Amino acid sequence: MPYAIELRDISKRFGAVQANKDICLQVPAGTIHGIIGENGAGKSTLMSIIYGFYEADTGHIEVDGKRVDIRSSQDAINAGIGMVHQHFMLVENFSVLENVILGAEGGAVLKNGIGQARVELQRLAHEYSLDIDVDAIVEELPVGLQQRVEILKALYRGARILILDEPTGVLTPQEADHLFRILKALKDQGVTVLLITHKLREIMASTDNVSVMRQGEMVAHRETAHTSKEDLAELMVGKKVRLTVDKDEAQPSEVLLSAQNLSQFDSQGVKRLKNVSLELRAGEILGIAGVSGNGQSELLNVLSGITPMDEGEIHFAGQVITAKAPKNAAQMRDLKMAHVPEDRHKMGLVTGFEAYEAAVLGYHNSPVYNGKILMNRKVMLDECNERMAAWDVRPPNPHLKTANFSGGNQQKIVIAREVEQNPEVLLIGQPTRGVDIGAIENIHEQIVKLRDSGKAILLVSVELDEIMALSDRIIVMFDGAVVGELDAKDADERTLGLMMANAFNEEQEGVSA
Amino acid sequence: MFETLILMLDATMRVSTPLIFAALAGLYSERAGIVDIGLEGKILGSAFAAAAAAAVFGSAWIGLCFGILASVSLAMIHGFACITHRGDHIVSGVAINTIVAGLTVTLSMHWFGMGGQTPALVGDARFLDITFPFADAMESVPVIGQIYSNLLSGHNILVYLAFVMVPVTYWIIYKTRFGLRLRAVGENPHAVDTAGISVSFIRYRALIICGILCGLAGAYLSTAHNAGFLKDMSAGKGYMALAALIFGKWRPVPVLLACLLFGFLDAVAVRMQGVVIPGIGEVPVQAIEVLPYVLTVLLLAGFIGKAVGPKAIGRPYVKERA
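On a predicted model such as this, the values are computed, not experimentally measured, just so you know.

## Comments concerning the overall build of chain B
Along chain B, the regular secondary structure elements total 14 helices and four strands. In terms of C-alpha radius of gyration, chain B reaches 20 Å, essentially the compact-globule figure of 20 Å for 322 residues. Here chain B, with 322 residues, has 46% of them falling under the buried criterion. Pairs at least 24 residues apart make up 75% of the contacts formed inside chain B by residues separated by at least 6 positions.

## A closer look at the interface of chain A and chain B
When the parts come together, some accessible area is lost, and that loss is often what is quoted as the size of the interface. Of the residues lining the interface, 26 residues belong to chain A; the matching set on chain B comes to 19 residues. Taken together, the elements giving at least two residues each to the side of chain A that touches chain B come down to helix 1 (43–50), helix 2 (73–78) and helix 4 (110–127) of chain A. Tallied by class, the residues present in the side of chain A that touches chain B amount to twelve nonpolar, ten polar and four charged.

## A short note on the sheet that holds strand 8 (residues 192–197) of chain A
Residue and element names in this part refer to chain A. Strand order in the open sheet made by the six strands is 6-7-8-3-9-10, with mixed pairing throughout. The sheet is open, and its two borders are formed by strand 6 (81–84) and strand 10 (217–223), each paired with just one other strand. For this sheet, the mean angle separating the axes of adjacent strands, direction not counted, is 20°. Sheet analysis places strand 9 (residues 209–214) next to strand 10, joined by six bridges and oriented antiparallel. Considered in strand 10, the bridge of Arg214 is made with Glu217. Those strands touched by helix 5 (residues 143–156) are strand 6 and strand 7 (161–165), and its axis lies near 170° from that of strand 6. Its contacts with the sheet put helix 6 (residues 173–188) on strand 3 (32–36), strand 7 and strand 8, and the angle it makes with strand 8 is roughly 150°.

## Notes on the nonpolar core
By size, the foremost hydrophobic cluster in this structure holds 229 residues, and its most contacted members are Ile163(A), Phe21(B), Ala23(B) and Ala244(B). Of the residues forming this core, the biggest block, 15 residues, is contributed by helix 10 (residues 199–225) of chain B. If you count residues domain by domain, this core takes at least three from each of domain 1 (5–237) and domain 2 (255–512) of chain A. Apart from the residues within four sequence positions on either side, Ala244(B) is in contact with Leu19(B), Ala23(B), Val255(B), Ala258(B), Cys259(B) and Phe262(B).

## Observations concerning the confidence of the model for chain B
The predicted coordinates of low-pLDDT regions are not to be read in fine detail. Mean pLDDT over chain B works out to 89, with 97% of the residues at or above the 70 mark. As scored by the predictor, the complex reaches a pTM of 0.75 and an ipTM of 0.86.

## A short note on the pairing of strand 3 of chain A
Residues and elements named next belong to chain A. Counting buried residues along strand 3, five of its five residues qualify, which places the element largely inside the surrounding structure. On strand 3, burial covers both faces: Ile32, Gly34 and Ile36 on one face and His33 and Ile35 on the other are all buried. Examined bridge by bridge, strand 3 and strand 8 share five bridges and lie parallel to one another. Looking across to strand 8, one finds that Ile36 is bridged to Thr197. Alignment of strand 3 against strand 9, held across four bridges, turns out to be parallel. Opposite Gly34, over in strand 9, you have Val210 as the bridge partner.

## Thoughts on unusual backbone geometry
All names here are of chain A. Of the consecutive residues Arg394 and Pro395, the connecting peptide bond is found in the cis state with omega at -10°. Along the chain, Pro395 falls in the loop between helix 13 (377–390) and helix 14 (407–419). Despite not being glycine, Asp392 has its phi angle at roughly 55°, a positive value. Tracing the backbone through its elements, the reader meets Asp392 in the loop between helix 13 and helix 14. Residues other than glycine seldom take positive phi values, yet Asn422 does so here, at roughly 55°. By secondary structure assignment, the location of Asn422 is in the loop between helix 14 and strand 17 (425–429).

## Here's the deal with helix 10 of chain B
Residues and elements named next belong to chain B. Taking 1.5 Å per residue as the helical rise, helix 10 with its 27 residues ought to reach 39 Å, and the 37 Å between its terminal C-alpha atoms agrees with that figure. For helix 10, the principal kink sits at Ala219 and spans about 30°. Of all the 27 residues making up helix 10, 21 are buried; the element is thus mostly covered by neighbouring parts of the structure.

## Here we look at the pairing of strand 19 (residues 473–478) of chain A
Residues and elements named next belong to chain A. Along strand 19, six of the six residues are buried, which leaves the element largely enclosed by surrounding structure. Alternating residues of strand 19 divide into Arg473, Ile475 and Met477 and Ile474, Val476 and Phe478, and every residue in both groups is buried. When strand 13 (residues 285–289) meets strand 19, the two strands line up parallel, connected through four bridges. By the bridge assignment, Ile288 is partnered in strand 19 with Ile475. By the bridge criterion, six bridges tie strand 19 to strand 20 (residues 481–487) in an arrangement that is antiparallel. Bridge pairing in strand 20 places Met477 opposite Val482. Between the end of strand 19 and the start of strand 20, which pair antiparallel, lie two residues, with Asp479 showing a positive phi angle near 50°.

## Topic: the confidence of the model for chain A
Looking at chain A, pLDDT values average 88 and 96% of them are 70 or higher. A low-confidence stretch, residues 509–513 of chain A stays under pLDDT 50, and its non-local contacts, those more than four residues away or across chains, total zero contacts.

## Regarding the domain arrangement of chain A
Residue and element names in this part refer to chain A. Partitioning chain A into domains gives domain 1 (5–237) and domain 2 (255–512). At the interface, twelve residues of domain 1 touch 13 residues of domain 2. Here the side of domain 1 that touches domain 2 takes five residues from helix 8 (residues 229–237), the largest share from any one element. When the residues that make up the side of domain 1 that touches domain 2 are grouped by side-chain class, the tally is five nonpolar, three polar and four charged.

## Considerations on helix 4 of chain A
An α-helical segment advances 3.6 residues per turn. Residues three or four places apart therefore align on the same side. Look at helix 4 of chain A: 25 Å from first C-alpha to last across 18 residues, which is about the 26 Å you get at 1.5 Å a residue. Tucked inside the fold, the buried residues of helix 4 of chain A contact helix 3 (96–101) and helix 5 of chain A together with helix 7 (157–175) and helix 8 (177–187) of chain B. A positive backbone phi angle near 45° is found at Ser129(A), which sits one or two residues after helix 4 of chain A.

Calculation notes
Residues numbered from 1 in each chain as written. Chains lettered and ligands numbered in written order. Predicted model: local features only at pLDDT ≥ 70, side-chain atom pairs only at ≥ 80, totals over all residues. Helix = DSSP H or I, 4+ residues; strand = E, 2+ residues; numbered from the N terminus. Rg over C-alpha atoms; globule rule 2.2 N^0.38 Å. Buried ≥ 20, exposed ≤ 12 C-beta atoms within 10 Å, placed from the backbone. Contact = placed C-beta atoms within 7 Å. Nonpolar A, V, L, I, M, F, W, Y, C, P; charged D, E, K, R; others polar. Pairing = 2+ DSSP bridges. Axes fitted to C-alpha atoms, helices over the stretch in contact; angles between N-to-C directions. Core = buried A, V, L, I, M, F, W, Y, C linked by C-beta atoms within 7 Å. Domains from an automatic or database assignment. pLDDT = per-residue confidence, 0-100. Expected span 1.5 Å × (residues − 1). Bend = angle between axes of the 7 residues up to and from the residue.

Laid out in structure tokens, this is it:
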């Protein structure tokens, strides 16, 4: 039997980024096929290619054994492919019915098409247990039902292959469970489902086969029954070059920052940060491990004052920060908390600025850089030159636009800016993402140096090696909550991998039982 | 008293007509997500083209065709800048307004040499008023007869067309496939794109309709309401139509009511000219002319709730990188 969908050597490049490289994939008809990988592994790009949103640079797609040319979403729809996007493609002030028929109205005047759609939707709702009030306005529906509208849209257009891109990201656990029951029903009716996710639990619970993507490449195909969470976690993260950092035993002293029961909800009302408590001591590096997207970013944002918390409190520099008495990022900086954000392009730099300008961002109101009216360019330039020499930034040209430095050198500019302010606490996210090996060593040395001078460092990284090499103590986050804490000496990849997949406790229970 | 009211309502209809055309034009454009501050320029361009063609060919209908052609061309320039090249809608619209304001006068001087005017239109070169059957006979009947003969009868064809366009627009926007897609494109173009429909094509078609309606507004000004083109004769009607559009929350019937209200205030302003109110004295005309704008600001500021426009308005559609 031919495969429902088969990808052959699909490659796609965006400028310098190779988003997909020689992807091959075979999905048997009537199965649920999981595609798993970290954020940025290229899953969404691949699905956008299948749905005709982008055209692949090379390679082709076969549906039911026949080669299809998908150049637009219309082509994909004609080939029987439907997609439920991560961010719903719904017109919010339209009714469910209007959203479903958009693009498949069945005639120039709506009246007839709407009547037929109403009947057809009732049939679909009945067949797949997708009950919904078709006259409801979409923006008034809960997220789970909005997603159901997306599924109905695809089925109404006769989709036999359904792609779901991170479908549970916005759902409550109950809604997610219901979704998986729907997917099961679809599968029983012969629909082929492609499930894109970075959550191992979902893959293990619902798929027949699973493919793993890493850094734009398809690295493994497995039958779900013959694999395990640990196996997949390792494939997702990949084995990397061992990093070693020379450092002495940590000498942790007094608590500089403590957080109790921090929680945060996103705009959809989903709890992204769940009762996180932690203590950060002077002279230690606390590593936060976890598969990306499990609340680490939210934790950094809340601690640094970028987004306010919804519950809990932070004690820092003699202040108590709560939801009612928040402090913004500038106020936190004044209390000597520095922050190197995870995404240096979006949050760490203004890429159109020259290096010496980017080097004072966040501290630009400091009297050091300001005269009576104008900023003191000479001071800024001198300081930038000094730092560039000290941190080995190349090229050492303070007038070069930050966009034109390599990733490693951009990161050095950001880290230097924060570290040179001599903060008490440094929050640092993904310090070496997209940074070349040489620069990684340099950055790691500087972080350890800061620790040895009695400062506290909170390190968030999705690179396990980095966490293990740098941290003195490790906290593991999963699904917005802290699921484990251990001394770095006791940490190994296996234990951490299990904790990151939240499978550690289950296994322990299994052993003791 | 009743007669005065009839006369003022009659004037209201005449003054509202270009506002209705222009506001509906803006409705198509903005519902599709394209901000159209260039309504003013399109009206003026059409007014000039219509008057010039009518003067040359001696036919108001040929004038109307040229007016629409000019206005649609301007709409297409706006589309090329905003849709194809994802330019800023406001900048493009203001550019069109500025160019047209200068170009109409320049061309008019070059062609007609009458100091920026076109020759006065007479006979078939103008849209003339239509008198309904038995209008004269009915005039003596109180109330109903007066409404029939003095208010409903005696307007030119474009006035009636403007009022007919309101239910037609309602039907197109809410009851047809094109209308559904048009509204969707203004709210969430990504949804339209993923449904396999071209966002650009729908927006261009919306702008063509916008151009036609602005063309009607302009032709009305120069070949029906007046008898020839005058420098800057659109006199802010495009902006007032935009205000009516926002005031009417981008819905055809409320937009009509807003246009009528503005038209009525305009008629009042004319009526109040030179009238001395006891205790206050002569009311400056400007004080009344400013009312539509003051009203829009005040009402939007609190009395009618938030005017929520189409969500994707003014934002060029770019497929996002995943």
